[in-house]
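# Examination of the molecular architecture
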Amino acid sequence: MAYILSGAVSGLSSWIRAEVEFTGPIQKGKRGIAARRVQEWLCLHDHRVVIDSDFGDITESAVKEFQRSLGRPQTGIVNQITWDALVAPMLTALQGPANPGPTLRRSLVECGDCHLAVHPREVGGQNRGPWVRLYMFGNEGADWPWCAGFVTFLMNQASELTGIAKPIQGSVSCDSLAEQAKAAGIFVPQGSLQPGMPGPGAIFLRRRTSTDWTHTGIVTESNPQYFFTVEGNTNDEGDREGYEVCSRRQGYVGRDFILI
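Below is a short write-up of the structure. For every chain, the first residue of the written sequence is number 1, and numbering continues from 1 along that sequence. The predicted origin of the model limits local features to residues at a pLDDT of at least 70 and limits the giving and counting of side-chain atom pairs to 80 or more, whereas totals for whole chains, interfaces and linings rest on all residues. Side-chain calculation: all heavy atoms of the structure are included, whereas hydrogens and water are not.

## Thoughts on the packing of aromatic side chains
- Here a Phe, Tyr or Trp ring, Trp counted by its six-membered ring, pairs with any other such ring whose centre lies within 6.5 Å, and the pair is stacked when the planes are under 30 degrees apart, edge-to-face when over 60, and tilted otherwise. Counting across every chain of the model gives 14 aromatic pairs.
- Three or more aromatic residues joined by ring pairs make a cluster, and in this case those are Tyr3, Trp15, Trp41, Trp131, Tyr135, Phe137, Trp146, Phe150 and Phe153.
- A ring is scored as having a charge over it whenever the NZ atom of a lysine or the CZ atom of an arginine sits within 6 Å of its centre and within 35 degrees of its normal. Sitting over the ring of Phe187, Lys182 keeps its end group 5.1 Å from the ring centre.
- If you follow Arg249 out to its NZ or CZ, it ends over the ring of Tyr226, 4.8 Å from the centre.

Here it is, written out as structure tokens:
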């Protein structure tokens, strides 16, 4: 499976390609997922419409506004140029860093920075939208909190860029990430951190109990008092069930770590 865009989008994994590939003009009268994707991306570009999978007059007017912002002819029809502009943030994130670091940990942080720069976020409801589907292998909805999927996606990108195998398979479940790390011998509880840990490129897990973790993300910088992160599906409390990818400052209490 390919997680990095290095040529044509046809080389990407199937569920990723479905989010960014242009399959033909989309215009008034169109219904279904193609119309929905246009509406989602219009909203993500702050041209707000109702996301109802029905390309009607209002969606057409929003497309014209978007085309005007590009300096393009205002046809109201999503052609290749308009589509590429709509999905440009995702294409940027899929390209990864221009000069990836030589280690898996360094590349992991750099991939996270690439995603952070284009501000992925939900649209159309809880755990919904093209970014959620990207990180969750095509899945979305209330039952699909996506913080672990985001971490796993970044690991896959970093592994592809560096050619270094991931030490764990990854998962859309925080609990599964913890169990995989324990089996691989790279799980470090908060109380066992040594000087210099966790360091950039580690994965943090927010612990609820000794067998239950509720949120995860990538450590980008650490010091003895706190660490900085890039994380998905987060909120102001630094927990899951938020709506965006962002950077946070986290304390160590209640956090365990995976040392990639």
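That was the structure; now back to the text.
## Some details on the nonpolar core
- Judged by nonpolar contacts, the single largest core of 62 residues is most densely connected at Leu94 and Ile258.
- Per-element tally for this core: the top contributor is helix 8 (residues 147-162), with 8 residues. Grouping buried Ala, Val, Leu, Ile, Met, Phe, Trp, Tyr and Cys residues that are joined through side-chain atoms within 4.5 Å yields what is termed a nonpolar core. For each residue, the accessible area found with a 1.4 Å probe, counting protein chains only, is set against the maximum for its type, and the residue is called buried under 20%, exposed over 50%, and partly exposed in between. Under the DSSP-based scheme used, a helix requires at least four consecutive residues in state H or I and a strand at least two consecutive residues in state E, with every element numbered from the N terminus.

## Looking at the packing of helix 2 (residues 33-44) against helix 3 (residues 57-70)
- Note on geometry: axes are C-alpha line fits, over the in-contact stretch for helices, and angles between N-to-C directions span 0 to 180 degrees. Helix 3 packs onto helix 2 with a crossing angle of 50° between their chain directions and a minimal axis gap of 11 Å. Looking at the two axes, helix 2 sits oblique to helix 3. Along this stretch, helix 2 crosses helix 3, giving a crossing that reads as left-handed. Counted together, Val38, Gln39 and Leu42 of helix 2 and Thr59, Ala62, Val63 and Phe66 of helix 3 form the full contact between these two elements. Any angle that is under 35 degrees is reported as roughly parallel, and any over 145 degrees as roughly antiparallel; angles of 65 to 115 degrees are reported as roughly perpendicular and all others as oblique. With the far helix as reference, a near helix turned anticlockwise by less than a right angle produces a left-handed crossing, and one turned clockwise produces a right-handed crossing. Contacts are assigned to residue pairs that have any heavy atoms within 4.5 Å of one another.

## Here's the deal with the environment of Ser107
- Mapped onto the fold, Ser107 is located in helix 6 (residues 104-117).
- With 147 residues separating them along the chain, Ser107 and Gly254 place their C-alpha atoms 26 Å apart.
- Setting aside residues up to four positions removed in sequence, Ser107 forms contacts with Pro100, Gly101, Ala158, Leu161 and Thr162.

## Quick notes on the pattern of salt bridges
- Criterion for a salt bridge: a side-chain nitrogen of Lys or Arg within 4 Å of a carboxyl oxygen of Asp or Glu. The tally for this structure, following the rule as stated, stands at 15 salt bridges.
- The partner of Arg37 in a salt bridge is Glu19, and the shortest N-O contact between them spans 3.2 Å. A residue pair is termed long-range when its members are at least 10 positions apart, and Arg37 in helix 2 and Glu19 in helix 1 (residues 14-20) qualify at 18 residues.
- The exposure class of Arg37 is buried, given its relative accessible area of 13%.
- The exposure class assigned to Glu19 is buried, which follows from its relative accessible area of 2%.

## A short note on helix 8
- How far a helix is expected to stretch is found by multiplying one less than its residue total by 1.5 Å. Between its first and last C-alpha atoms helix 8 spans 23 Å; for 16 residues at 1.5 Å apiece the expected length is 22 Å, and the two agree.
- A large share of helix 8 lies buried, amounting to 14 of its 16 residues.
- Where helix 8 terminates, the next one or two residues include Gly163, which has phi positive at roughly 75°.

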